[in-house]
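Chain by chain, the residues run as shown.
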Number of protein chains: 2
Amino acid sequence: MRTLSAFISSSTSFGPCFFHRLTLRHSHKTLTSSLAPCFRRQFTPTMAAPEDSLRKALADKQSEVENQGNQVRSLKAGKAAKSEIDAAIEALNALKLQKASIEKDLQATLSSADGSVNREAFRQAVSNTLERRLFYIKSFNIYGGVAGLYDYGPPGCAVKSNVLAFWRQHFVLEENMLEVDCPCVTPEVVLKASGHVEKFTDLMVKDEETGTCYRADHLLKDFCNDKLQKDLNIAAEKAKELKHVLAMLDDFSAEELGAKIKEYGIVSPDTKNPLSDPYPFNLMFQTSIGPSGLIPGYLRPETAQGIFVNFKDLYYYNGNKLPFAAAQIGQAFRNEISPRQGLLRVREFTLAEIEHFVDPEDKSHPKFSEVAELEFLMFPRELQTSGKSAKAIRLDEAVAKGIVNNQTLGYFIGRVYLFLTRLGIDKKRLRFRQHLANEMAHYAADCWDAEIESSYGWIECVGIADRSAYDLRAHSEKSGEALVAHEKFPEPREVEVLVISPVKKEIGLAFKGSQKNVVEALESMKEKEAFALKADLESKGEVDFYVCTLGKNVSIKKNMVKISKEKKKEHQRVFTPSVIEPSFGIGRIIYCLYEHSYYTRASKAGNEQLNVFAFPSIVAPIKCTVFPLVQNQKYEDIAKDISKSLTVAGISHKIDITGTSIGKRYARTDELGVPFAITVDTTSSVTIRERDSKDQIRVDVKEAASVVKEVTEGLRSWADVWAAFPHHSSASADE
Amino acid sequence: MRTLSAFISSSTSFGPCFFHRLTLRHSHKTLTSSLAPCFRRQFTPTMAAPEDSLRKALADKQSEVENQGNQVRSLKAGKAAKSEIDAAIEALNALKLQKASIEKDLQATLSSADGSVNREAFRQAVSNTLERRLFYIKSFNIYGGVAGLYDYGPPGCAVKSNVLAFWRQHFVLEENMLEVDCPCVTPEVVLKASGHVEKFTDLMVKDEETGTCYRADHLLKDFCNDKLQKDLNIAAEKAKELKHVLAMLDDFSAEELGAKIKEYGIVSPDTKNPLSDPYPFNLMFQTSIGPSGLIPGYLRPETAQGIFVNFKDLYYYNGNKLPFAAAQIGQAFRNEISPRQGLLRVREFTLAEIEHFVDPEDKSHPKFSEVAELEFLMFPRELQTSGKSAKAIRLDEAVAKGIVNNQTLGYFIGRVYLFLTRLGIDKKRLRFRQHLANEMAHYAADCWDAEIESSYGWIECVGIADRSAYDLRAHSEKSGEALVAHEKFPEPREVEVLVISPVKKEIGLAFKGSQKNVVEALESMKEKEAFALKADLESKGEVDFYVCTLGKNVSIKKNMVKISKEKKKEHQRVFTPSVIEPSFGIGRIIYCLYEHSYYTRASKAGNEQLNVFAFPSIVAPIKCTVFPLVQNQKYEDIAKDISKSLTVAGISHKIDITGTSIGKRYARTDELGVPFAITVDTTSSVTIRERDSKDQIRVDVKEAASVVKEVTEGLRSWADVWAAFPHHSSASADE
């Protein structure tokens, strides 16, 4: 945390697009789980400017070097005076030095804009600690592992379980949501209705000789980035083109991607063999349900569908009342073509999704006032397309100005902000980015992503979308089950309805056997068409009318149909609810939390850097350690008694009775992010040490467990405890 | 709970084998996830005796009826006197009546032994309530559902999450276990090592015309049960044979099953078409990892393998010390051929598994004394094979007498007992059944199942097995990674080791090119073989010796090899730890909990039976409801304030401001198992009602939330609260 600035240059917030976006919920286009347009690269003129001018200066200087070289050669060929030749050579050398200096500047500009070296060093430091302390483990490691599959080891598993418990408290309990738990194995019909079977694909190319598969956009992206970063001699014009390609990657069709790959001569990175044309690969893991092999199934790519198919029961459970929210925490699966980015792009992950069902005509939220005054970094569409930065906006202002589409969406944005920052996400590296028009599904009313900045760039960790009625309608159509809500009117309402009355006798006389087709075609007219027909009939008396079931026009006369609007009493309104969906990638949030919580500090001797995770108590995998200061039966007995009290109090802790120095034991637990340590150094009282300040208080043995319980459960702050107990300063405390 | 005896006859504890055992962990044989032998039927002479004698009496009476019938016919044919014929007919009718009476008795005996009618009525009552209140939902119901897949609806999901939270508290936290979280998607190599790819199968038959699949043992079982229960005319001998088949089902090979199916003429139950021979069907869901289609994978059939493959890292994390336990909660998958038994046999389910690694030479447990005095129903091998019942045994006695193999296994049996009974499992319907020799894997030291009695019979819900070193060895061999532990000796120990020294010169001279093979074969001898060879060489001077890499015998002479035992100093012992594995089928435990918690009681008016789930607070999906007594703004405001306080206190609750009568609202929440209800009937104080006693106390508005928090979190008992607050008796309370 504190040393992050040492690793990442402050200019990174608009650094190149390192991150691949995994759209947590698909839009019509991002069902393709594809890369987000690189707006950050596209709209960073302050950074592009020096790079461009340096590239131009370099090209100019290169010409000068060439010209001067030619001059030297022609002087030599013309047997000019030695002094003249020497002067020309001196000038050439000076030009070469100037060129080298520009190259150096360009290199520096590129890598500072990029920040990749520092970012990677930081990431490596975090990952080393995480792996060494088993926060995560490459799955099936003794068999060589499988790309994109990771285990959570003991501290990682505890962090995950704490994050999920807080999620349940913050969302499910606080909002009285209906939590459900549906299977991962899902029959094909459900995912056909949702569109996943057809559209949940990425474009893939194959090495034409070995058959190895690659993501087409990855190869093109790598090529462009490589060229931009390593080839100093490309013209500014070419650099601009490559940047444009990077920005457009997400919008490319298979044909466009294929054309670019051909144009740039991109080959298989491992073998240099030619590549196939790009073609879509469905990202769902496929399986078969039951022994017959006749029921195709998939592992769910998201948990949301399990909620949508249960809408009717859940609506009933909620007393047939809107709004209500259902929630689900569970595993989701995506068979990535070639997973990269460690814990951020994996093949199996935990999602926590909320589907808040609401009347499309009333998206106000009764508790909006509770979040209205929150102010945080927002990145609306307009700021993105005009090349500006995210800025702090008050939530009520954002809703009032229509930046955020409605109160309910705004309410959830606010709640997500509170959730993430209470977990320990740095609010300066958290922003809410609105989807651009071309990122959003046609049916969506508005979408915002909670993006967290990490060493991979800005990572989408929560998607918050107003998906309108799309999902319920899709399942209604496919299943034939009406997934609708009812609003009973306090008293019946008068409404105007279109009435089309074909005069069957006349139609029968005119069309005989085709009577039924004509009647049905007339009755199925929409209002506009019906009144146009009526007007035509009144003016012309007879009109050609297309009957699709006959596949031809028939001639309709004025006496064959009556068209009017009539008043009718309605007792209720039947409608498909809109759904507002906050969808949380739990693994991504946890990874970003690791990066935001990590810092190093010098050991007391000053000879090494010690790792610390500054987890809040709510997240910390272990809340407290218990150490006897030295190996001694009396101290050990007291430590065990305190351990028992902590167990009874439900405080996860670890007792360490090894003879290692107390300083080393503190360092070991700082690295796990343990917020408090109880050290037994007398038989009557003990010290309690706070991780980040390293401050220590002296507490009676009997009180130790309850003080730790109070501070870890947030009933009391450390400042409060610090004020209430005697302080302990020990020379040995941090050895 | 209280009405269970009304549904289930008291004789059911040894009723027929209704339940199919899903072996939570496989033995060498029950990797086939198959039926347990029906010991209960086999060893119930007290029940078989009346049935047998009735069958015999019926057969005898049938002969008498036939004989008498023949006599009547011959009298008529012989034109005997009318009085003589009438007397014979009267005798015939009397015999027929006697036969009918025996049939009735037999029928009654069969159905009381069976209890199936009452059991099914009880099960139906529980299921109706569970389904109506969305404890569970058939998954993907709007698309017709998928057999063996269920969703947990809101209350079911809350119960599950409470059970898992308590499991974490009771096992992981209390024992400082290392919890891990591994993927469901598992590459084939892991499940080849574990034996699942080869052996995790059930035997299946196909309808030869439609291709519909059935479990072979199910068909045979259904046939035998049907015959036994519905065909009153089978001879006692035949009945005995069918019962023997039922008892042996689990032991039948594919050939034996096929032969029985042919012998009994069993056909496809739906079409009456002939059936194929039985063949093995692997129960794992198969998939493919990555885009190439070249990495076969499966959905894990259990979570344990994820722990075994991480043994090395976990051992290191634990400071290279034994014993330690790792734990995992997660989804597991079994592609059942034709799932039956509702929530008890499903295709996707949650397992919670513990792998406790221990030195095979020291299986004592430091905390055994904490469970030593527990006494509960145990069903050791000897009682089963001698046809006796389970009996209450003290745990320390069971370990001391060697009934339970070792202290650590005993400790976990005790902890499982405490876990289940604290959740609300009725201790009278919980027993620990030891595996018989033929159920256990050859490598297992001892296995016990926690079985819970439900309307399906005794259900295996937790398996507790001492699996010795099998799993770690299997993965060591397959992966080449040594999964071992080290015991460093305080000081080096002298040990005797076998030393085989081939004399290469002599061997080279004798066997030339084959020298290496002969040397290796000599060196690889085990102690016994080596000393036999040595003795032979000493007595005969020359011996034939088989070299497997040459595929032939060679002649070894005395001067070619020296064999001796030498003393050596060893600094540590390297060994493969034993693993003791408690494995919990969470869904099964929850289902049994539903049955054990369910009871009905008459409504106040006495005109209907109301459903109640007597969940302990720790399990209850909602801890408290808040009701304004009547619709009234003041009361509603107070109800909302109390609701807010409950939210802050982290108590899950529901507020119900509908105008329904308070009695109906109580009944609705009793049906969800909500233990407490706060009713706002004045603006200063409220009543708190306890679900099972229906007792009410009067509490100040401001205290209401904290009193409920104390009683639900077990800080205070209801008796305590009842003694401390004024009682409220209201005529309207239970209307």
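Remember, predicted model here, so these are calculated numbers, not experimental data.

Chemist: Could you clarify how one ought to interpret the overall build of chain A in this entry?
Modeler: When helices and strands are counted, chain A shows 25 helices and 28 strands. Principal axes of the C-alpha set define a box for chain A whose edges measure 110 × 100 × 55 Å. The 735 residues of chain A split such that 56% are buried. Looking at chain A as shown, the accessible area adds up to about 30,700 Å², and 52% of this sits on carbon and sulfur atoms. When the 97 basic and 98 acidic side-chain charges of chain A are each reduced to a single mean position, those positions are 1 Å apart.

Chemist: How should the UniProt feature "domain: Aminoacyl-transfer RNA synthetases class-II family profile" (unreviewed entry) in chain A be read in this particular structure?
Modeler: Mapped onto this structure's residue numbering, the UniProt feature "domain: Aminoacyl-transfer RNA synthetases class-II family profile" (unreviewed entry) falls at residues 261-616 of chain A. With 27% helix and 37% strand, the stretch residues 261-616 of chain A has end C-alpha atoms that lie 47 Å from each other.

Chemist: I'm lost on the pattern of salt bridges in this one. Help?
Modeler: When the charged atoms of two side chains with opposite charge come close together, those side chains can pair. Residue and element names in this part refer to chain A. Applying the stated criterion across every chain, the model contains 93 salt bridges over all chains. As a salt-bridge pair, K230 and D226 come within 3.6 Å of each other at their nearest N and O atoms. Of this pair, K230 and D226 both sit in helix 9 (residues 216-230), separated by four residues, roughly a single helical turn. Residue K230 is classed as exposed on the basis of its relative accessible area, which comes to 64%. Owing to a relative accessible area of 41%, D226 belongs among the partly exposed residues under this scheme. Of the charged contacts, one joins R394 and D396 as a salt bridge, the two residues approaching to 2.5 Å between their closest N and O atoms.

Chemist: Explain the sheet that holds strand 13 (residues 391-394) of chain B to me, please; I cannot follow it from the model alone.
Modeler: Picture the strands of a sheet paired through backbone hydrogen bonds; they go either parallel or antiparallel. All names here are of chain B. Read across the open sheet, the nine strands follow the order 3-10-11-21-16-15-14-12-13; overall the sheet is mixed. Each of the sheet's edge strands pairs with one partner strand only, and the pair in question is strand 3 (178-180) and strand 13. On average, each strand axis in the sheet is inclined to that of its neighbour by 30 degrees, with strand direction left out of account. As defined by bridge partners, strand 14 (residues 430-434) adjoins strand 15 (residues 446-454) across five bridges and the pair is classed as antiparallel. Residue F432 lies in a different strand from strand 15, and its bridge partner there is A450. The sheet contacts of helix 16 (residues 407-423) involve strand 11 (348-358), strand 12 (375-379), strand 14, strand 15, strand 16 (457-466) and strand 21 (578-585), and relative to strand 16 the element is tilted by about 145 degrees.

Chemist: Would you mind going over the side chain of E636 of chain B with me for this structure?
Modeler: The topology assignment puts E636 of chain B in helix 22 (residues 633-648). Buried E636 of chain B, no salt bridge; nearest opposite-charge side chain is K640 of chain B, N-O distance 4.7 Å.

Chemist: Sorry if this is basic, but what is going on with the relation of the copies chain A and chain B here?
Modeler: Taken as rigid bodies, chain A and chain B are interconverted by a rotation of 180 degrees and an axial shift of 0.0 Å, the fit giving an RMSD of 0.5 Å. In the structure described here, the two chain copies are related by an operation that fits a two-fold rotation axis. Ranked by how close their C-alpha atoms come to the rotation axis, the residues of chain A are headed by T287 of chain A, at 2.5 Å. A shared interface surface links the copies, since 100% of the contact residues of chain A are contact residues in chain B too.

Chemist: How should I be thinking about the interface of chain A and chain B in this particular structure?
Modeler: Contacts between chain A and chain B engage 73 residues on the former and 73 residues on the latter. Of the roughly 6,400 Å² buried between chain A and chain B on both sides combined, carbon and sulfur atoms contribute 65%. If you sort the residues of chain A by the area they bury against chain B, I142, Y143 and Y317 of chain A come out on top, with a joint share of 13%. Counting across the chain A and chain B interface gives 18 residue pairs in polar contact (both at pLDDT 80 or more).

Chemist: Sorry, what's going on with helix 11 (residues 254-263) of chain B here?
Modeler: Because each turn of an α-helix spans 3.6 residues, side chains separated by three or four positions in sequence point in the same direction. All names here are of chain B. Turning to helix 11, its buried residues are A254, L257, G258, K260 and I261. All buried residues of helix 11 fall inside an arc of 165 degrees around its axis, so they share one side. Facing away from the buried side of helix 11 by over 90 degrees, the exposed positions are E255 and K262. Contacts from the buried residues of helix 11 go to strand 5 (201-206), helix 9 (216-230) and helix 10 (236-248). Residue G265 follows helix 11 closely and has a positive phi angle near 65 degrees.

Chemist: What am I meant to see in the packing of helix 9 of chain A against helix 10 (residues 236-248) of chain A here?
Modeler: Helix-helix packing: each pair is described by the crossing angle between the helix axes and the interaxial distance. Residue and element names in this part refer to chain A. The geometry of helix 9 relative to helix 10 is characterised by a closest axis approach of 10 Å and an angle of 150 degrees between their N-to-C directions. In this view, helix 9 runs roughly antiparallel relative to helix 10, as classed from their interaxial angle. Relative to helix 10, helix 9 is oriented so that their crossing is left-handed. Residues L220, K221, F223, C224, N225, K227 and L228 of helix 9 form the contact with helix 10, whose participating residues are A239, L242, K243, V245 and L246. Within the contact of helix 9 with helix 10, the residues separate by chemical class into eight nonpolar, one polar and three charged.

Chemist: Looking at this structure, how should I read the packing of helix 9 of chain B against helix 11 of chain B?
Modeler: Residues and elements named next belong to chain B. Across the interface, helix 9 lies against helix 11 with an axial gap of 10 Å and an inter-helix angle of 40 degrees. As the angle between them shows, helix 9 and helix 11 are arranged oblique. The element helix 9 and its partner helix 11 pack so that their crossing is left-handed. For the pair helix 9 and helix 11, contact is made by A216, D217 and L220 and by L257, K260 and I261, respectively.

Chemist: For this particular structure, what's the right way to read the side chain of R601 of chain B?
Modeler: Residue and element names in this part refer to chain B. Within the secondary structure, R601 is located in strand 22 (residues 598-602). Owing to a relative accessible area of 13%, R601 belongs among the buried residues under this scheme. Side-chain polar atoms of R601 contact the side chain of Y599, separated by 3.3 Å. Once you skip the residues sitting within four places of it in the chain, R601 turns out to touch E608, Q609, L610, V612, D670, R689, R691, D692 and K694.

Chemist: What's the story with the sheet that holds strand 27 (residues 685-690) of chain B in this structure? I'm lost.
Modeler: Residue and element names in this part refer to chain B. As summarised here, the arrangement of the five strands in space is 25-24-26-27-28, forming an open sheet in which the pairing is mixed. Strands at the two margins of the open sheet, each flanked by one partner only, are strand 25 (653-655) and strand 28 (696-700). Across the sheet, the mean angle separating the axes of adjacent strands is 25 degrees when strand polarity is ignored. Contacts from helix 23 (residues 662-670) reach strand 24 (624-628), strand 26 (676-680), strand 27 and strand 28 within the one sheet, and its direction differs from that of strand 24 by about 165 degrees.

Analysis parameters
Residues numbered from 1 in each chain as written. Chains lettered and ligands numbered in written order. Predicted model: local features only at pLDDT ≥ 70, side-chain atom pairs only at ≥ 80, totals over all residues. Heavy atoms only, no water. Helix = DSSP H or I, 4+ residues; strand = E, 2+ residues; numbered from the N terminus. Buried < 20%, exposed > 50% of the residue type's maximum accessible area, 1.4 Å probe, protein only. Areas by Shrake-Rupley, 256 points an atom, 1.4 Å probe, with all protein chains shown as cover. Lys, Arg positive; Asp, Glu negative; His and termini not counted. Charge placed at Lys NZ, Arg CZ, Asp CG, Glu CD. UniProt positions renumbered as here; feature names shortened; annotations may be inferred. Salt bridge = Lys/Arg side-chain N within 4 Å of Asp/Glu carboxyl O. Pairing = 2+ DSSP bridges. Axes fitted to C-alpha atoms, helices over the stretch in contact; angles between N-to-C directions. Contact = heavy atoms within 4.5 Å. Least-squares fit on C-alpha atoms with pLDDT ≥ 70 in both. Buried area = accessible area lost by both parts, 1.4 Å probe. Polar contact = N/O pair within 3.5 Å; in protein donor to acceptor, adjacent residues only side chain to side chain. Arc of directions from axis to C-beta. Parallel < 35°, antiparallel > 145°, perpendicular 65-115°, else oblique. Left-handed = near helix turned anticlockwise from the far one by under 90°. Nonpolar A, V, L, I, M, F, W, Y, C, P; charged D, E, K, R; others polar.

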